[in-house]
Amino acid sequence: MKKLQWWFRIVGVFYLLLTAMNIWALFLGGSQLLADTLPAPMNADALAVRAFSDAWMVFVFELGVLGVMALVAARQPAQNRMMAWVIILAELFRGVVADAIWIGRGYAASSYISFIVIHLLIMATGVLFLRQAQASREAAQLGMAD
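Residues numbered from 1 in each chain as written. Predicted model: local features only at pLDDT ≥ 70, side-chain atom pairs only at ≥ 80, totals over all residues. Heavy atoms only, no water.

**Topic: helix α1 (residues 2-27)**
Link 1 in the chain: The first and last C-alpha atoms of α1 sit 37 Å apart over 26 residues, in line with the 38 Å expected at 1.5 Å per residue.
Link 2 in the chain: Those residues of α1 lying buried are L4, Q5, W7, F8, V11, G12, Y15, L18, T19, N22, A25 and L26.
Link 3 in the chain: Its buried side turned inward, α1 meets α2 (31-35), α3 (46-73), α4 (81-104) and α5 (109-141). (Helix = DSSP H or I, 4+ residues; strand = E, 2+ residues; numbered from the N terminus. Expected span 1.5 Å × (residues − 1). Buried < 20%, exposed > 50% of the residue type's maximum accessible area, 1.4 Å probe, protein only. Contact = heavy atoms within 4.5 Å.)

Shown next as structure tokens:
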């Protein structure tokens, strides 16, 4: 269960770090910072940059909420396994699938491939630690645990 607890903590802190960095970019960094992430010709269109910024803000707020809830879940990981599945599935769909679609639409593959790797790492370790926690729980129920 300790691995799952640390997974929640690490993912939660990582999400909160990304949230803070993105809030800075959205509200303090100026529109050019976000414009530089868009493919041409959208990066030169102020309305497109604003629309992307507004949509990105929703993602950033969600990431912050998931980060806080991961830290809360770390307090009792055995009772919060569903939260781990929420994070894993979010990583799959708003992470891997969305990044792959963006790459297909002309966004910088170099940036998004590295994030796909991070998403896959979070997913794989989450599933692994959930399985280990479940096996430990089952063993304890059978009276075979240490």
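And the narrative resumes.
**Description of the pattern of salt bridges**
Link 1 in the chain: Under the definition given, this model contains 3 salt bridges.
Link 2 in the chain: Across the salt bridge formed by E62 and R94, the nearest N and O atoms sit 3.2 Å from each other. Of this pair, E62 sits in helix α3 while R94 sits in helix α4; the two residues are 32 residues apart in sequence, bridging distant segments of the chain.
Link 3 in the chain: Exposure remark for E62: the relative accessible area of 34% places this residue in the partly exposed category.
Link 4 in the chain: Note that E91 and R94 form a salt bridge whose closest N and O atoms lie 3.8 Å from each other. Linking E91 with R94, this pair stays in helix α4, spanning 3 residues, or about one helical turn. Of the two residues examined, E91 and R94, each falls in the buried class.
Link 5 in the chain: Several salt bridges share partner residues, and in doing so they unite E62, E91 and R94 into one network. (Salt bridge = Lys/Arg side-chain N within 4 Å of Asp/Glu carboxyl O.)

**Observations regarding α3**
Link 1 in the chain: The terminal C-alpha atoms of α3 lie 40 Å apart, and with 28 residues this matches the ideal 40 Å at 1.5 Å per residue to within 8%.
Link 2 in the chain: All buried positions along α3 are accounted for by A48, V49, F52, S53, W56, V60, L63, G64, L66, G67, A70 and A73.
Link 3 in the chain: Where α3 is buried, its residues contact α1, α2 and α4.
Link 4 in the chain: The residue sitting at the N-terminus of α3 and contributing the capping side-chain oxygen is D45; that oxygen lies 2.9 Å from the backbone nitrogen of L47. (Polar contact = N/O pair within 3.5 Å; in protein donor to acceptor, adjacent residues only side chain to side chain.)

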